[in-house]
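A structural walkthrough
Each chain, written out:
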Amino acid sequence: MIKHLPIFAFILLLSLISCKNEIIETKAINYPDISLKNAKYLLGREDGDNVMFNAEEMNIFLKEKNAKLSHVSFEQKKDSNGELFVSGKADNADINTETLLSALSGNVMIILHEGNNSITAENINWNKDTQNVESSGRVELRYDDISIDGVNLTGNLQSGVFTFSKIKKGLIKDNAKSEEQKDDK
């Protein structure tokens, strides 16, 4: 057995030398500081109108000032009487807890309750303080009697003014004409 000891030592030395040249790659995993299921998240400031987010899962990263929510619904009241201004849903919301900017993604729908208007897109960035929204990609806007499919929406939920970089399809309905056509039948 002692006879084979120098051979084992030599093999061990070779393996250590070959391991020394290997580069081991690791990635840091960023775990949330707070993780909640079926959570409510109030987004706002003391002096402003707040948005209530309901999420199946919420992860808060305190150092990064970020909250990640999944399977989200939300609503913002118009006034203290409880009348809704905006509500909606999204698969995910990535919220900057300092600036209150929300990046909504996956089957996003925002409903403006005055006139029951809506915006549907795959992603929408929303600034709660200014009520500005923007979306890259395909967007559908339903506004009163107007239905527009377009690309790259920017607008303001409060003023109801929206622009597209390109309109793919639009339809303006004439209610008076529609009523007349019903009467003729």
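Structural data are supplied above this passage.
First, a word on what this report is: a plain description of the structure on this page. (Residues numbered from 1 in each chain as written. Predicted model: local features only at pLDDT ≥ 70, side-chain atom pairs only at ≥ 80, totals over all residues. Heavy atoms only, no water.)

1. A few points about the overall build of the protein chain
- Scanning the protein chain for helices and strands turns up two helices and nine strands.
- The secondary structure elements of the protein chain, listed N-terminal to C-terminal, are α-β-β-β-β-β-β-β-β-β-α.
- Considering the protein chain as a whole, with its 185 residues, one finds that 31% of them fall into the buried category.
- Considering only contacts in the protein chain between residues 6 or more positions apart, those separated by 24 or more positions represent 35%.
- When the accessible surface of the protein chain is split by element, carbon and sulfur atoms take 54% of a total near 12800 Å². (Helix = DSSP H or I, 4+ residues; strand = E, 2+ residues; numbered from the N terminus. Buried < 20%, exposed > 50% of the residue type's maximum accessible area, 1.4 Å probe, protein only. Contact = heavy atoms within 4.5 Å. Areas by Shrake-Rupley, 256 points an atom, 1.4 Å probe, with all protein chains shown as cover.)

2. Digging into a nonpolar patch on the surface
- Together, Ile34, Leu36 and Leu62 make up an exposed nonpolar region whose accessible area comes to about 250 Å².
- Along the chain, the position of Ile34 falls in strand E1 (residues 34–43).
- Exposure remark for Ile34: the relative accessible area of 34% places this residue in the partly exposed category. (Patch = residues over 30% accessible without salt bridge, like charges linked within 9 Å, V, L, I, M, F, W, Y side chains within 5 Å. Salt bridge = Lys/Arg side-chain N within 4 Å of Asp/Glu carboxyl O.)

3. Some words on the side chain of Gln76
- Mapping Gln76 onto the fold places it in strand E3 (residues 66–77).
- Classification of Gln76 as buried rests on a relative accessible area of 2%.
- Among the polar contacts listed, one links the side chain of Gln76 to the side chain of Gln131, at a separation of 3.0 Å.
- Among residues more than four places away in sequence, those in contact with Gln76 are Asp49, Asn50, Val51, Leu84, Phe85, Val86, Trp126, Lys128 and Gln131. (Polar contact = N/O pair within 3.5 Å; in protein donor to acceptor, adjacent residues only side chain to side chain.)

4. Topic: the environment of Asp79
- Within the secondary structure, Asp79 is located in the loop between E3 and strand E4 (84–96).
- When the C-alpha atoms of Asp79 and Asp49 are compared, they prove to be 7.8 Å apart, with 30 residues separating the residues in sequence.

5. Details of the environment of Met52
- The topology assignment puts Met52 in strand E2 (residues 51–61).
- Between the C-alpha atoms of Met52 and Leu42, which are 10 residues apart in sequence, the distance is 4.6 Å.
- Residues in contact with Met52, not counting those within four places in the same chain, are Lys40, Tyr41, Leu42, Ser73, Phe74 and Glu75.

6. Concerning the pairing of strand E6 (residues 117–127)
- Here 10 bridges tie strand E5 (residues 101–112) to E6, and the two strands are oriented antiparallel to one another. From the neighbouring strand, Val108 faces E6, where its bridge partner is Ala121.
- Where E5 folds back on E6, the antiparallel hairpin that results is connected by four residues, among which Gly115 adopts a positive phi of roughly 90°.
- Pairing of E6 with strand E7 (residues 132–143) involves seven bridges; the strand directions are antiparallel. In the sheet register, Trp126 faces E7, and the bridge partner there is Val133. (Pairing = 2+ DSSP bridges.)

7. Quick word on the pattern of salt bridges
- Taken as a whole, this structure holds seven salt bridges when the rule is applied.
- In this structure, the salt-bridge partner of Glu75 is Lys77, at a minimum N-O distance of 3.1 Å.

8. Comments concerning the layout of surface pockets
- The computed volume of the largest pocket comes to approximately 180 Å³.
- Lining the largest pocket are Lys78, Phe85, Leu112, His113, Glu114, Asn117, Tyr143, Asp144, Leu157, Gln158, Ser159 and Gly160.
- When the residues that make up the lining of the largest pocket are grouped by side-chain class, the tally is four nonpolar, five polar and three charged. (1 Å grid on protein atoms, 1.4 Å probe; cavity = no way out; pocket = protein on both sides within 12 Å on 5 of 7 lines; lining within 4 Å. Points joined across faces, edges and corners; volume = space filled by probe spheres on them. Nonpolar A, V, L, I, M, F, W, Y, C, P; charged D, E, K, R; others polar.)

9. Describing the packing of aromatic side chains
- Following the criterion strictly, the structure yields two aromatic pairs and no others.
- Judged by centre distance (5.6 Å) and plane angle (45°), the rings of Phe53 and Phe74 are tilted. Here the residue Phe53 occupies a position in strand E2, and Phe74 occupies one in strand E3, the gap between them amounting to 21 residues. The pair Phe53 / Phe74 is uniform in exposure class, with both members buried.
- Geometrically, the ring pair formed by Phe74 and Trp126 is tilted, given 5.3 Å between the ring centres and 45° between the ring planes. One end of the pair, Phe74, is in strand E3; the other, Trp126, is in strand E6, and 52 residues separate them in sequence. Trp126 carries the same exposure label as Phe74, and that label is buried.
- An aromatic cluster is defined as three or more aromatic residues linked by ring pairs; in this entry it consists of Phe53, Phe74 and Trp126. (Phe/Tyr/Trp six-rings, centres within 6.5 Å; stacked < 30°, edge-to-face > 60°.)

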